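Descriptive structure summary
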Amino acid sequence: MSRGGRHAYAALSVFAAGALVLTGCSKGGSDASDNDKKDQENAKSQQSSIKFGDASDSNGPAAAVAGAKSGGTMEVLQRDSFAHLDPGQIYVSDEMALSQLIHRGLTGYKATGTDGKGHEVVGDLATDSGTTTDGGKTWKYTLKDGLKFANGTPITSTDVRQTFERLFAPFINQGPSYIQQWLADSSGADYRKLLPDGPYKGKHLPATVLDTPDEKTVVFKFKSPHPDLPYALAMAGYSVVSAKGDTKEKYDKAPVTTGPYKIQSFKSGKSMVLVKNTNWDPKTDPIRNQYVDQWDFTFNQQFEQSTKALLADSGADATGISLSNQVDAGNLSSVLKDPKMKSRTISGYQPYVGQMNINMSKPELKDIKVRQAIAYALPITPFIRAFGGTDAMEVAGGFLSPTVSGYDAKFDPFGKKKKPAGDPAKAKKLLEEAGKLNMKLTFGYTNTPEGQQYSTAMAAGLKKAGFDVQRQEIPAETYYDQVSKLDNQFDIFHTAWGADWPSASTVIPPLYDGRGIAEGAQNYSQVNDAHVNSEIDRINKITDPVKAAAAWEQVDQYLLTKVVNAVPTAYYKQTQIAGSKVGGFVYDDVIGGVDPRRLFIK
């Protein structure tokens, strides 16, 4: 999950426990903190299961924030504009953060404390987190009374049916696919065969799969048990869509919202204004508050720009935040050390793992020795330095983060933790053995200052090993849309992914199931390995979470030693700041950044 990474359980990155100092190289801008124990505890806490709440837990209104008051305008400085507003297309962290304000689903994550660390899954539009009497094959949900879309129309089971049936249509290709696969009892992209055109040609899912017997009841029926459904339904990608207001592709720029705010205006790449949704009833919502009158978003604000503006703390910037921008690399260390900034700073660890994808669809990359050469040659130091050094990231060993059960801290197949600057000599030898010296590599990178910086230095490291590297920039706003195209022109490109809930089942299958290779899907490296595919099917049937976690880690290790379809780069940490007049400023572990549902103007 984020752009920066993708996911719904938490978002954008994780600072792994231990090994916080990069050995034998420049740390790139900041010194590691002394909070190793705290880091370990944070990572472990995110591995823990989040309980499913009952009807009493699902009642609104949301708990009041201490000292909060209503009114005022919140300035929001964002680097990237929002490529998608249609819930079915949302699967990146900045859009998921926005969705906390404008979209609602059947379930959601409710904070159980004031520090952003404790959560439970509760009924959001539904009266509870769901009921099952057969181990997770059948799940029943009942809609609350008094629910309305922002345009005043009631929310009924017809809208919920539309929400899920439209996900089978070809134009929905950027969001999660868990529930579609579960309904179709299939892996990969085969789920679309169940309802190829969605509901748009008059066909519907049968009642044996999705039943809506009355206006308030929704029943999901799976052939196999899926006890994680309440987690999945809490994802932004499964927020409810208006059946009457569904404009198909056009819905992506002008959705009918359900949250406490609605979109007054949206100028892609420039600005967005959110205002209060007067048809949102706080009595139905146990998750969100509605303190701020208006949210003014400005896009194209790079990390350095937004940091400087918020540090200056004057005018509108005093009531300013960013949902996604982190403190830039140049200011990160000083911000963290400044006691005056403590009350205006939040930091947290996220389950994202960065990876440099190797495009397995390219004929010249079929040779495993070439892929191994890329893996050994690739320097990780420039990537970490670009985002602020070891205060911001840690070198990754595998594809699973420290916040996911099954993580093995000792796994480091390419020796990156010991040699984060890469091993060009070993890489060059492999390239010579493959007879591919001076082989051309097209390196796609995001056109941000950080992307410019790390791609230039990473390309230089690959050139030392004997590659002819050609860098090609990609607009940040549409970066994931571009790299998820099946016929994209890039040989290597960086992405990041975080668990959608605390299980590797939300990492390995979406990223590495060869049957999931499709336009817009998340198998970015287009890897299709028979052993991996069969293991995904086998492990998905393991009901013991401890045994399943160990099995997923074995797949992680197989991918990186026998396949080499990507190179892990870093585990992330997010540090954000706010203006001095911003209240309720808390880092939320599930959102993976500032919790906008608590914010108010002092």
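Along each chain, numbering runs from 1 in the same order as the chain's sequence is written. Residue-level local features of this predicted model are given only where pLDDT is at least 70; pairs of side-chain atoms are given and counted only at 80 or more, and the full residue set underlies all totals for whole chains, interfaces and linings. Remark: hydrogens and water are excluded; side-chain values derive from all non-hydrogen atoms of the structure.

**Quick look at the overall build of the chain**
- For the chain, the count of helices and strands is 15 helices and 20 strands.
- A radius of gyration in this sense is built from C-alpha atoms; the matching globule rule multiplies 2.2 Å by the number of residues raised to 0.38. In terms of overall size, the chain behaves like a compact globule, its C-alpha atoms giving a radius of gyration of 23 Å where 602 residues would be expected to give roughly 25 Å.
- When its C-alpha atoms are laid out on the principal axes, the chain stretches across 70 × 55 × 40 Å.
- When accessible area is computed with a 1.4 Å probe and restricted to protein chains, residues below 20% of their type maximum are described as buried, those above 50% as exposed, and intermediate ones as partly exposed. Considering the chain as a whole, with its 602 residues, one finds that 62% of them fall into the buried category.
- Element-wise, carbon and sulfur atoms account for 49% of the exposed surface of the chain, whose accessible area totals about 21,600 Å².
- Counted charges follow a simple rule, with Lys and Arg positive, Asp and Glu negative, and His plus the chain ends left uncounted. The atoms used to mark charge sites are NZ of Lys, CZ of Arg, CG of Asp and CD of Glu. Taking the 69 positively charged and 67 negatively charged side chains of the chain as two groups, their mean positions are separated by 2 Å. Helix numbers and strand numbers start at the N terminus; a helix is a DSSP run of H or I with at least 4 residues, a strand a run of E with at least 2. For the area figures, the Shrake-Rupley method with a 1.4 Å probe applies, and any residue is considered shielded solely by the protein chains shown.

**Things to note about the confidence of the model for the chain**
- A score between 0 and 100, pLDDT records how confident the predictor is in each residue. The share of residues in the chain with pLDDT of 70 or more is 92%, and the mean pLDDT across the chain is 90.
- Whether two residues are in contact is decided by their heavy atoms, any of which lying within 4.5 Å being enough. Note that residues 1–36 has pLDDT below 50 and, in this model, 169 contacts with residues that lie over four places away or in other chains.

**Details of the packing of aromatic side chains**
- By convention, a stacked pair of Phe, Tyr or Trp rings (six-membered ring in the case of Trp) has centres within 6.5 Å and planes under 30 degrees apart, an edge-to-face pair has planes over 60 apart, and any other such pair is tilted. Overall, the coordinates contain 29 aromatic pairs when judged by the stated rule.
- Consider the rings of Tyr-376 and Phe-414, whose centres lie 5.4 Å apart with planes at 85°: the pair is edge-to-face. Residue Tyr-376 is located in helix α8 (residues 368–377), and its partner Phe-414 is located in the loop between β12 (393–395) and α10 (424–433); the two are separated by 38 residues in the primary sequence.
- The buried category is assigned to Phe-414, whose relative accessible area is 9%.
- The rings of Phe-52, Tyr-141, Phe-164, Tyr-178, Trp-182, Phe-220, Phe-222, Tyr-231, Tyr-238 and Trp-501 are connected pair by pair, giving a single aromatic cluster.
- When the NZ atom of lysine or the CZ atom of arginine is within 6 Å of a ring's centre and also within 35 degrees of its normal, the charge is said to sit over that ring. Taking NZ or CZ as reference, Arg-166 lies 5.3 Å from the ring centre of Tyr-251, over its face.
- Just above the ring of Tyr-200 sits the side chain of Lys-248; from NZ or CZ to the centre is 4.9 Å.

**With respect to the pattern of salt bridges**
- Within this document, salt bridges are pairs made up of a side-chain nitrogen of Lys or Arg and a carboxyl oxygen of Asp or Glu, the two lying within 4 Å of each other. This structure, assessed with the given rule, holds 24 salt bridges.
- Across the pair Lys-51 and Glu-120 runs a salt bridge whose closest N-O atoms are separated by 3.5 Å. Here Glu-120 lies in strand β3 (residues 119–123) and Lys-51 lies in the loop between α1 (36–47) and β1 (73–77), a separation of 69 residues in the sequence.
- In this structure Lys-51 comes out as exposed when scored by relative accessible area, which is 51%.
- In this structure, Arg-597 engages Asp-588 in a salt bridge whose closest nitrogen and oxygen atoms are separated by 3.8 Å.
- Because the salt bridges share partners, they merge into one network encompassing Arg-104, Asp-124, Asp-285 and Arg-288.

**Comments concerning the sheet that holds strand β16 (residues 566–577)**
- The strand order across the open sheet formed by six strands is β12-β16-β11-β15-β13-β14, and the pairing between neighbours is mixed. Two strands lie at the open edges of the sheet, namely β12 and β14 (467–474), each paired on one side alone. Averaged over all neighbouring strand pairs, the angle between strand axes comes to 30°, with direction disregarded.
- Strand pairing follows a simple DSSP-based rule, namely that at least 2 bridges must link the two strands. Bridge count for strand β13 (residues 439–446) against strand β15 (residues 492–498) is two bridges, and the pairing is parallel. Bridging across to β15, Phe-443 finds its partner in Ile-492. Inter-axis angles, ranging from 0 to 180 degrees, are taken between N-to-C directions of lines fitted to C-alpha atoms, where helices are fitted over the stretch in contact.

**Details of the environment of Ile-577**
- Turning to its location among the elements, Ile-577 is positioned in strand β16.
- Remark: the alpha-carbon pair of Ile-577 and Ile-539, spanning 38 residues in sequence, is separated by 41 Å.
- Among all residues touching Ile-577, those that are not within four sequence positions of it are Thr-307, Leu-310, Leu-311, Ile-321, Val-327, Val-335, Met-341, Arg-344, Thr-345 and Phe-585.

**Focus on the environment of Lys-144**
- Locating Lys-144 in the fold gives a position in the loop between β4 (138–142) and α3 (157–165).
- Judged by relative accessible area, Lys-144 falls into the buried class, the value being 11%.
- Considering only alpha carbons, one finds Lys-144 and Lys-362, 218 residues apart in sequence, at a separation of 51 Å.
- Filtering out sequence-adjacent residues up to four positions away, Lys-144 remains in contact with Ser-58, Gly-123, Asp-124, Leu-125, Ala-126, Thr-127, Lys-216, Thr-284 and Pro-286.

**Regarding the sheet that holds β4**
- As summarised here, the arrangement of the three strands in space is β4-β6-β5, forming an open sheet in which the pairing is antiparallel. Among the strands making up the open sheet, the edge pair consists of β4 and β5 (210–214). Strand-to-strand twist across the sheet, computed as the mean angle between neighbouring axes with direction ignored, equals 20°.
- Both β5 and strand β6 (residues 217–221) contribute to a ladder of three bridges, which runs antiparallel. Bridging across to β6, Asp-211 finds its partner in Val-219.
- Each of β5 and β6 is contacted by α3, which is oriented at about 165° to β5, the strand it contacts most.

**Here we look at the packing of α8 against α10**
- Put simply, α8 and α10 touch, their axes get as near as 8 Å, and they point 165° apart. When the interaxial angle is binned, α8 and α10 end up roughly antiparallel. With respect to the hand of their crossing, α8 and α10 are arranged in left-handed fashion. In this structure, α8 uses Lys-369, Val-370, Gln-372, Ala-373, Tyr-376 and Ala-377 to contact α10, whose residues at the interface are Lys-426, Ala-427, Leu-430, Leu-431 and Glu-433.
- Throughout this entry, Asp, Glu, Lys and Arg are counted as charged residues, while Ala, Val, Leu, Ile, Met, Phe, Trp, Tyr, Cys and Pro are counted as nonpolar. The remaining residues, Gly among them, count as polar. For the contact of α8 with α10, a count of residues per class yields seven nonpolar, one polar and three charged. An angle below 35 degrees is read as roughly parallel, one above 145 as roughly antiparallel, one from 65 to 115 as roughly perpendicular, and any other as oblique. Take the far helix as your reference; a near helix turned counterclockwise from it by less than a right angle gives a left-handed crossing, and one turned clockwise gives a right-handed crossing.

**Concerning the environment of Ser-186**
- When you line up the elements, Ser-186 lands in the loop between α4 (178–184) and β5.
- Among residues more than four places away in sequence, those in contact with Ser-186 are Gln-181 and Tyr-191.

**Considerations on α10**
- All of the buried residues along α10 are Ala-427, Leu-430 and Leu-431. Taken down its axis, α10 places every buried residue within 100° of arc, on the same side. Those residues of α10 that are exposed and angled more than 90 degrees off the buried face are Ala-425 and Lys-429.
- Phi for Gly-435, located one or two positions after α10, is positive at around 70°. The arc in question is the one traced by the directions running from the helix axis out to the C-beta atoms.

**Section: the nonpolar core**
- Joining through side-chain atoms within 4.5 Å is the link that ties buried Ala, Val, Leu, Ile, Met, Phe, Trp, Tyr and Cys residues into a set, and such a set is a nonpolar core. Counting residues in hydrophobic clusters, the biggest one holds 129 residues, and the most contacted among them are Ile-179, Phe-220 and Phe-467.
- Looking at this core, the element that brings in the most residues is helix α15 (residues 545–563), giving seven residues.
- Beyond its immediate stretch of four places on either side in the chain, Phe-220 contacts Leu-106, Lys-137, Thr-138, Trp-139, Tyr-141, Phe-164, Ile-179, Leu-183, Val-209, Leu-210, Leu-229 and Leu-233.

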